[in-house]
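Given next are the chains, with one letter for each unit.
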Amino acid sequence: MADDTPLLSDHQPPPTAAPGEKPLRTMDSMIELCIGEFGRAQFAQAALVSLSWFFDAQQTFISVFTDSEPLWHCTDPARCTPGAADLCGIPDGSWSWDENTAGRHTSVVSEWGLQCATPFIRGLPASSFFAGCLLGGLILATLADSSLGRRNLLFHTCFGMAITSLLTAFSTSIWAYAALRFMCGFGRAAIGTCALVLSTELVGRRWRGPVGMVGFILFSLGFLSLPAIAYANRGGSWRVLYLWTSVPTLFYCVLVYFLVYESPRWLFVKGRKEEAIQTLKSIAPPEKHSRLTSSFFSSAPFLGSDFDPSAADVDIFSAMKLLLARRWALLRLSAVMVVSFGTGMVYYGMPLGLANLSFNLYIGVASNALSEIPSALAALLFIAKLSRRLSLLAMTTVSAVFSALCILRGEPWGRLQMWFELVSFFGGCTALNMLLIYTLELFPTCVRNSAVSMVRQALVLGGAFSPFLVAAGRTSGGALSYGVFGAVIGCCGLFVVCLPETRGGTISDTMEEEELKMMGRSRMSGVATLA
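Residues numbered from 1 in each chain as written. Predicted model: local features only at pLDDT ≥ 70, side-chain atom pairs only at ≥ 80, totals over all residues. Heavy atoms only, no water.

Undergrad: What should I look at first to understand the overall build of the protein in this one?
TA: Along the protein, the regular secondary structure elements total 23 helices and 2 strands. The buried share of the protein, reckoned over its 531 residues, is 55%. Summarising the internal contacts of the protein: among those between residues at least 6 apart in sequence, 81% fall at separations of at least 24. When the accessible area of the protein is evaluated, it comes to approximately 21300 Å², of which 67% is carbon and sulfur surface. (Helix = DSSP H or I, 4+ residues; strand = E, 2+ residues; numbered from the N terminus. Buried < 20%, exposed > 50% of the residue type's maximum accessible area, 1.4 Å probe, protein only. Contact = heavy atoms within 4.5 Å. Areas by Shrake-Rupley, 256 points an atom, 1.4 Å probe, with all protein chains shown as cover.)

Undergrad: Got a minute to help me understand helix α6 (residues 119-140) in this structure?
TA: Residues spaced three or four apart along an α-helix face the same direction, because each turn holds 3.6 residues. A rise of 1.5 Å per residue sets the reference length of α6, with its 22 residues, at 32 Å; its end C-alpha atoms lie 30 Å apart and thus fit the reference within 8%. Taking the largest bend as the criterion, α6 deviates by roughly 45°, centred on Pro125. (Expected span 1.5 Å × (residues − 1). Bend = angle between axes of the 7 residues up to and from the residue.)

Undergrad: How should I be thinking about the confidence of the model for the protein in this particular structure?
TA: Should pLDDT be low for a region, the predicted coordinates there are not to be read in detail. Mean pLDDT for the protein: 78, with 79% of residues reaching 70 or above. Below a pLDDT of 50 lies the segment residues 1-24, which in the model reaches 54 contacts outside its immediate sequence neighbourhood of four places, other chains included. Every residue in residues 527-531 scores below 50 in pLDDT, and together they form 0 contacts with partners more than four places removed in sequence or on other chains. (pLDDT = per-residue confidence, 0-100.)

Undergrad: Is there a simple way to explain helix α9 (residues 191-201) in this structure?
TA: Within α9, 11 of the 11 residues are buried, leaving the element largely enclosed by the surrounding structure. Within α9, the full set of buried residues consists of Ile191, Gly192, Thr193, Cys194, Ala195, Leu196, Val197, Leu198, Ser199, Thr200 and Glu201.

Undergrad: Hey, could you run me through the side chain of Gln58 in this one?
TA: Note on placement: Gln58 falls in helix α3 (residues 52-61). For Gln58, a relative accessible area of 4% gives the class buried. Not counting residues up to four positions away in its chain, the partners in contact with Gln58 are Gly222, Ser225, Leu226, Ile229 and Thr245.

Undergrad: Can you help me understand the packing of α6 against helix α20 (residues 445-464) in this one?
TA: If you want to describe how two helices pack, look at the angle between their axes and the distance between the axes. Between α6 and α20, the least distance of the axes is 9 Å, while the angle of their chain directions is 160°. Taken together, the axes of α6 and α20 lie roughly antiparallel to each other. Seen along the crossing, α6 lies across α20 with a hand that is left-handed. Listed contacts from α20 to Phe130, Cys133, Leu134, Leu135, Gly137 and Leu138 of α6 are Met454, Gln457, Val460, Leu461, Gly463 and Ala464. Residues that form the contact of α6 with α20 fall into these classes: 9 nonpolar, 3 polar and no charged. (Axes fitted to C-alpha atoms, helices over the stretch in contact; angles between N-to-C directions. Parallel < 35°, antiparallel > 145°, perpendicular 65-115°, else oblique. Left-handed = near helix turned anticlockwise from the far one by under 90°. Nonpolar A, V, L, I, M, F, W, Y, C, P; charged D, E, K, R; others polar.)

Undergrad: Would you mind going over a nonpolar patch on the surface with me for this structure?
TA: A cluster of nonpolar side chains, namely Val254, Leu255, Tyr257, Phe258 and Leu259, defines an oily patch on the protein surface of about 510 Å² accessible area. Tracing the sequence through the fold places Phe258 in helix α11 (residues 238-259). (Patch = residues over 30% accessible without salt bridge, like charges linked within 9 Å, V, L, I, M, F, W, Y side chains within 5 Å. Salt bridge = Lys/Arg side-chain N within 4 Å of Asp/Glu carboxyl O.)

Undergrad: Even after reading the chapter, I still don't get the packing of aromatic side chains, so can you show me in this structure?
TA: The description of an aromatic ring pair rests on the distance of the ring centres and on the angle between the ring planes. Within the structure shown, the criterion is met by 27 aromatic pairs. Taken together, a centroid distance of 5.2 Å and an interplanar angle of 55° make the contact between Phe155 and Tyr257 tilted. Here Phe155, found in helix α7 (residues 150-168), pairs with Tyr257, found in helix α11; they are 102 residues apart in sequence, far enough to count as distant. Aromatic pair Phe219 and Tyr347: ring centres 6.2 Å apart, planes at 35°, arrangement tilted. (Phe/Tyr/Trp six-rings, centres within 6.5 Å; stacked < 30°, edge-to-face > 60°.)

Undergrad: Got a minute to help me understand the pattern of salt bridges in this structure?
TA: Oppositely charged side chains can form a pair if their charged atoms are brought close together. Evaluation of the coordinates by the stated rule reveals 4 salt bridges. Salt-bridge contacts for Arg188 lead to Asp56; the nearest nitrogen and oxygen are separated by 2.8 Å. One end of the pair, Arg188, is in helix α8 (residues 174-188); the other, Asp56, is in helix α3, with 132 residues separating them in the sequence. One exposure class covers both Arg188 and Asp56, and it is buried. Of the charged contacts, one joins Glu441 and Arg388 as a salt bridge, the two residues approaching to 2.7 Å between their closest N and O atoms. Here Arg388 lies in helix α18 (residues 388-405) and Glu441 lies in helix α19 (residues 413-442), a separation of 53 residues in the sequence. Just as Glu441 is buried, Arg388 falls in that class too. Residues joined by salt bridges that share partners form a network here, namely Asp56, Arg188 and Arg456.

Undergrad: How do you make sense of the environment of Val203 when you look at a structure like this?
TA: Position of Val203 among the secondary structure elements: in the loop between α9 and α10 (208-232). Val203 sits 164 residues away from Gly39 along the chain, and the two C-alpha atoms are 8.4 Å apart.

Undergrad: Just checking my understanding: could you explain the packing of α6 against α8 for this structure?
TA: Two elements in contact, α6 and α8, have axes whose closest approach is 6 Å; the angle formed by their N-to-C orientations is 30°. As far as their axial angle goes, α8 and α6 are roughly parallel. Pair α6 / α8 crosses with right-handed handedness. When α6 is examined against α8, the residues Ile121, Leu124, Pro125, Ser128, Phe129, Ala131, Gly132, Cys133, Leu135, Gly136, Ile139 and Leu140 are found in contact with a partner set consisting of Ile174, Trp175, Tyr177, Ala178, Arg181, Phe182, Cys184, Gly185, Phe186 and Arg188. Here the residues of the contact of α6 with α8 are counted per class, giving 16 nonpolar, 4 polar and 2 charged.

Undergrad: Which parts of the structure should I look at to understand the side chain of Ser199?
TA: Here Ser199 shows up in helix α9. A polar side-chain atom of Ser199 sits 3.2 Å from the main-chain carbonyl oxygen of Leu196. Those residues in contact with Ser199 that sit more than four places away from it in its chain are Ala46, Val49, Ser50 and Val211. (Polar contact = N/O pair within 3.5 Å; in protein donor to acceptor, adjacent residues only side chain to side chain.)

Undergrad: Help me understand the environment of Phe61, please; the structure alone is not making it clear to me.
TA: As for its position among the elements, Phe61 is in helix α3. Given the relative accessible area of 3%, Phe61 is considered buried. Separated by 287 residues in the primary sequence, Phe61 and Tyr348 have C-alpha atoms spaced 8.3 Å apart.

Right, dumping it as structure tokens:
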């Protein structure tokens, strides 16, 4: 599969040195020459790092079950109307929750009596989680590129998410619950970014696509595990869900701390050559250890070797300064963030809105989670065979059309509503998977983690509006939820035409190297025009 599905293949040969100079190598070719494209140690590292997506998905979507309104039934038919849309209009004592009577509540709504609370209070925990994601992403965005590195930040964010999730199980009020959800969102903000960048930087160019998709598939499996856990806990306390998802995450943090290596690319860019060589030796087959010496990496220059590591250590926002200082980088970042905003509104909004559809919640969530797996495979196929821009534009358009169709009511549209929702969610998932890989290709190593972080921030910002739109959709027939979802992702998806095509190219390590590549493409375009 690796030969047929390149993410960043070597279809374009690396630039050559001037006559009489030593051969000019890329960082890609130097590392692949030392450890190969994809060995057993690389597979183990990439798989272990990507596993963080599994736990990240659980905390992202756990509120679909813990914050939902439980089923209820009438206990006094004379004063209660079965199936009433508003519980607040039914006298107290004439109805009861369909749940365990042993003092355990299946939802925060039933435990703290939120059925008549304002939309602000009902949506506060979910909104707090997304607000934490936004703030955490802004603060943690550049730490993986500047001071902490990919591996250390991955450990700290996973640990922070696990601890706050564990403490959430002991919340005493809606306010404490919302505060802990905020801290959980803050802690998990950088997990996906670190995992994606670190796992793809440990393998050769031809394997970045499949390795990136492994993380997306594990995220889907984490999402899929939630309805299974919730169903097994049906009738039990919502607090158990947080315990069952946080404790395994703590064990995973121990594995990350002792077994995961730092990215050799990042170590080289930061000027820590000896540490990078030791990391490569830990990953490389024994027969290649003799080649891994400082003299080997000094024997032939590589693109971007004149990068000054100290320039990246001015402060933790140095990577963002590099992005904002160059017009081409700012334009790229702005375009991918707009596309990500629209995609996030659909990606987070669709699962949250499942409770508004006349469909079983467990089956609905499981169907959405299952659709993420074929969407990851579809994204891998599109990345291998088609233009990035064309594929993204097609998937955002599909998601927009079918999201708008979800507002249709009556026969036969009511029976097709769940299918419309699934197709729209599938399109949004596929677009998101391709967009994250596309972002990796658009930015060099020195700012890649920060760029991906900002794209994910835009994704979360789109998701932050979803709880309010879902609440509004309960009284508007879906027009203020699914209709808005479709309009936003359709319009935002158009911005992909502003981005350059990266299929068949190589990734850069420094801003200067990327600018050299851009100059080379401009010359080739000029020659083709004259011809």
